[in-house]
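Structural overview
The lines below spell out each chain.
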Amino acid sequence: MSSRLSHAQLALDEATRNSYSIDQGPIVDRHLPLAVVWAESVENVQHIVRSCAAYGIPIVARGAGTGVSGGAHASRGCIVLSLERMNRILDLNPDDETAVVEPGVINAGLNAAAAEHGLMYAPDPASFKISTIGGNVATNAGGLRCAKYGVTRDSVLALDVVMSDGSLLHTGHQTFKGVAGYDLTALLVGSEGTLGIVVGVTVRLKYLPHEVHTVAAFYPDFRSAAAGVLAVGKARVQPAIMELLDNGTLQQLDEMNGSELQSRGKSLLLVQTDGFGAAAEAEVVRRVLAAGGAVVTTEASEEAEQLVELRRNSRGAEVDDEFRVGEDIAVPRSRLVDFVAELEAMASRYRVGLKVVAHAGDGNLHPTFWMDRVDEQTDAAALLRLNAALDESIRVGLDMGGTITGEHGVGQYKLRWLGLEQPEPVRELQRRIKDLFDPAGILNPGKAI
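Another point: the overall build of the protein chain. Looking only at helices and strands, one finds 14 helices and 19 strands in the protein chain. Whereas a compact globule of 449 residues would reach a radius of gyration of roughly 22 Å, the protein chain reaches 22 Å, a difference of no more than 12%. For the C-alpha atoms alone, the extent of the protein chain along its principal axes is close to 65 × 60 × 45 Å. Considering the protein chain as a whole, with its 449 residues, one finds that 53% of them fall into the buried category.

Bringing the pairing of strand 10 (residues 197-204) into the picture now. In terms of residue burial, strand 10 counts as a mostly covered element, since 7 of its 8 residues are buried. Of the pairings in the sheet, the one linking strand 6 (residues 98-101) to strand 10 comprises 4 bridges and is antiparallel in character. In the strand pairing of strand 10, Val-101 is matched with Val-201.

The next subject is the packing of helix 7 (residues 222-234) against helix 11 (residues 336-350). In contact at an axis separation of 8 Å, helix 7 and helix 11 are set at 160 degrees when each is read in the N-to-C sense. Judged by the inter-axis angle, helix 7 sits roughly antiparallel to helix 11. Two packed elements cross with a definite hand, and for helix 7 against helix 11 that hand is right-handed. Together, Phe-222, Arg-223, Ala-226, Ala-227 and Val-229 of helix 7 and Leu-336, Val-337, Val-340, Ala-341 and Glu-344 of helix 11 make up the contact between the two elements.

With that settled, consider the nonpolar core. In this structure, Leu-244, Leu-269, Leu-289, Phe-339, Leu-365 and Phe-369 are the most contacted members of the largest nonpolar core, which totals 50 residues. Apart from residues no more than four positions distant in its own chain, Phe-339 is found in contact with Ile-329, Val-331, Leu-365, Ser-393, Val-396, Gly-397 and Met-400. If you look at the next biggest cluster of nonpolar residues, it comprises 23 residues, including Ala-113, Leu-119, Ile-133 and Leu-205.

As a further point, take the sheet that holds strand 1 (residues 10-11). Reading across the sheet, the 4 strands line up as 1-2-4-3 and stay open at both edges, with mixed pairing between neighbours. Each edge of the open sheet carries a strand with a single partner, namely strand 1 and strand 3 (59-62). Across 2 bridges, the pairing between strand 1 and strand 2 (residues 35-38) is antiparallel. Within strand 2, the position partnered with Ala-11 by the bridge is Val-36. Strands strand 2, strand 3 and strand 4 (79-82) of the sheet are contacted by helix 2 (residues 42-55), whose axis makes an angle of about 170 degrees with strand 4.

What follows deals with the sheet that holds strand 6. Spatial strand order, 5-6-10-8-9: 5 strands in an open sheet with antiparallel pairing. Lying at the two open borders of the sheet, with one neighbouring strand each, are strand 5 (89-93) and strand 9 (168-172). Geometrically, the sheet is characterised by an average inter-axis angle of 10 degrees between neighbouring strands, direction not taken into account.

So, about the side chain of Asp-246. With respect to the secondary-structure elements, Asp-246 resides in the loop between strand 13 (241-245) and helix 8 (247-257). There is no salt bridge for the buried Asp-246, and the closest opposite charge comes from Lys-355, which lies 6.8 Å off by N-O distance. A distance of 3.4 Å separates the side chain of Asp-246 from the backbone nitrogen of Gly-248, its partner in a polar contact. Within the local environment of Asp-246, its side chain forms a polar contact with the backbone nitrogen of Val-356, the two atoms lying 2.9 Å apart. Asp-246 has contacts with Phe-222, Lys-266, Ser-267, Leu-354, Lys-355 and Val-356, leaving out every residue within four places of it along the chain.

A few words on the pattern of salt bridges. Per the stated rule, a full pass over the model turns up 13 salt bridges. Arg-88 is the salt-bridge partner of Glu-102, the closest N and O atoms lying 2.9 Å from each other. Of this pair, Glu-102 sits in the loop between strand 6 and helix 3 (107-115) while Arg-88 is found in the loop between strand 4 and strand 5, placing the two residues 14 residues apart along the sequence. Of the residues examined, Glu-102 reaches a relative accessible area of 4% and is grouped as buried. Among the salt bridges present, the one from Asp-438 reaches Lys-434, with a minimum N-O distance of 2.8 Å. For the residue pair Asp-438 and Lys-434, the accessibility class agrees, reading buried in each case. Connected through shared salt-bridge partners, Glu-424, Glu-428 and Arg-431 make up one network.

So, on to the environment of Val-410. Tracing the chain through its elements places Val-410 in the loop between helix 12 (376-399) and helix 13 (415-421). According to the relative accessible area criterion, Val-410 is buried, its value standing at 8%. The sequence separation of Val-410 and Leu-336 amounts to 74 residues, and the corresponding C-alpha distance is 22 Å. Residues contacting Val-410, with those up to four places away along its chain left out, are Ser-69, Glu-192, Thr-405, Leu-415, Leu-418 and Ala-448.

The subject of this paragraph is the side chain of His-408. Of note, His-408 is situated in the loop between helix 12 and helix 13. Setting aside chain neighbours within four positions, we find His-408 in contact with Val-68, Ser-69, Thr-139, Glu-327, Asp-328 and His-366.

What follows deals with the state of the cysteines. Tallying each qualifying case throughout the model produces 0 disulfides. For Cys-52, which is in no disulfide, the shortest distance to another cysteine sulfur is to Cys-78 and amounts to 9.1 Å.

Now for the packing of aromatic side chains. On inspection of all chains with the given rule, the structure shows 2 aromatic pairs. Between Tyr-20 and Trp-38, the ring centres sit 5.5 Å apart and the planes meet at 85 degrees, which makes this aromatic pair edge-to-face. Linking Tyr-20 in the loop between helix 1 (14-19) and strand 2 with Trp-38 in strand 2, this pair joins segments that are 18 residues apart in sequence. Like Trp-38, Tyr-20 is buried. When the ring of Tyr-413 is compared with that of Trp-417, the centres are 5.7 Å apart and the planes differ by 85 degrees; the resulting orientation is edge-to-face. What makes Tyr-413 buried here is its relative accessible area of 10%. A relative accessible area of 2% places Trp-417 in the buried class. One Lys or Arg, Arg-204, reaches over the ring of Phe-176 and ends 3.7 Å from the middle of that ring.

Reading the values: the criteria
- Residues numbered from 1 in each chain as written.
- Predicted model: local features only at pLDDT ≥ 70, side-chain atom pairs only at ≥ 80, totals over all residues.
- Heavy atoms only, no water.
- Helix = DSSP H or I, 4+ residues; strand = E, 2+ residues; numbered from the N terminus.
- Rg over C-alpha atoms; globule rule 2.2 N^0.38 Å.
- Buried < 20%, exposed > 50% of the residue type's maximum accessible area, 1.4 Å probe, protein only.
- Pairing = 2+ DSSP bridges.
- Axes fitted to C-alpha atoms, helices over the stretch in contact; angles between N-to-C directions.
- Parallel < 35°, antiparallel > 145°, perpendicular 65-115°, else oblique.
- Left-handed = near helix turned anticlockwise from the far one by under 90°.
- Contact = heavy atoms within 4.5 Å.
- Core = buried A, V, L, I, M, F, W, Y, C linked by side-chain atoms within 4.5 Å.
- Lys, Arg positive; Asp, Glu negative; His and termini not counted.
- Salt bridge = Lys/Arg side-chain N within 4 Å of Asp/Glu carboxyl O.
- Polar contact = N/O pair within 3.5 Å; in protein donor to acceptor, adjacent residues only side chain to side chain.
- Disulfide = S-S within 2.5 Å.
- Phe/Tyr/Trp six-rings, centres within 6.5 Å; stacked < 30°, edge-to-face > 60°.
- Lys NZ or Arg CZ within 6 Å of the ring centre and 35° of its normal.

Listed below in structure tokens is the structure:
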């Protein structure tokens with residue numbers, strides 16, 4: 001296949017460059033790319049990388065742009081390389097339970113194709129209907145099913161990667177098990193396009209559940225709901241989904257969807273079991289949560305699906321900016337109750353808005369702090385309070401043994417906190433790895449590390 005680019009694969013106009021200059025993350029330092037280029041083949045990507053390498057032009061690769069940490073924000077003097085047109089499922093082998101896809105394949109599209117064979121691709125970020133597999137790989141995206149099936153890295157067997165000199169590298173294996181050499185595949189998953197540009201992904205598929213049961217447990221407050229998570233764990237049940245929604249989130253969902261979730265409680269714990277034992281596990285969950293004071297409902301399938309769908313859309317239609325920042329902090333599950341209490345105290349102390357959703361099964365919380373815009377004088381003080389709340393939430397989470405990002409990636413926005421989590425020797429080793437993979441520093445500079 002030719003590496004030659006057509007005119008339809010290149011855009012220089014300001015409107016397109018502006019549209020592709022950012023993802024959905026807060027903007028720290030905005031730049032317009034020199035151009036936007038759409039690759040349609042591996043050869044295209046190699047040609048683009050070689051051309052940029054020859055002139056020292058930075059490359060920011062992107063998929064659907066659904067990231068929320070600024071990992072796909074344009075860098076100064078860069079080109080944005082879109083992989084969204086590389087959207088073919090190259091192979092789906094139901095006997096081996098694997099699929100090989102191009103990076104622009106939409107997560108939901110792969111799941112639809114796998115479902116025809118009684119299989120599924122397990123990682124399911126909230127943006128699964130529009131986010132790409134390549135983007136999921138770049139950030140090691142998680143999702144609602146993380147509690148049982150793990151994150152993207154746990155489902156990736158092999159990668160095809162264009163390196164910074166334009167060469168093509170294949171890592172990993174076609175088998176479920178394989179420990180030959182260093183695990184470069186695991187290293188590349190979550191590297192946010194700073195080590196190479198993923199052009200092919202071999203993924204492991206899982207069995208589509210024979211049966212799914214959803215349990216909704218409404219509580220008078222978020223802390224009681226968080227305690228319910230630990231109670232399910234002590235019952236030794238492994239749900240596929242365990243999601244927590246606080247009162248602020250329920251209020252927003254009611255406003256957006258005309259629902260009446262707040263009339264049923266101030267916090268919702270949504271638990272989904274799957275597989276041949278789903279009914280038995282769900283019954284244990286109902287009994288345990290009811291004993292802990294929850295109002296537990298036996299949902300009809302239609303309402304269960306609606307509740308899961310509402311949770312997937314619980315970030316709302318807003319895009320993070322300087323006045324609204326959704327965070328991605330993970331803490332040990334045993335500290336969920338403590339961390340939520342601290343978040344509520346911070347919101348009150350700094351006079352900022354707060355809503356929290358959480359992948360409670362693995363301790364990954366998404367607290368969103370926000371301030372209403374009024375005028376320039378008021379906004380200046382508001383921004384100081386908002387950022388103070390953000391900084392404190394990170395410090396408290398780390399003190400509890402947590403991390404600054406569970407699934408969204410560091411990107412551009414979270415670099416200011418990375419040093420709080422990782423000591424300098426660790427960061428220096430990562431910089432040396434970056435230099436080995438990308439000696440000219442042209443791959444997504446200023447991100448991830």
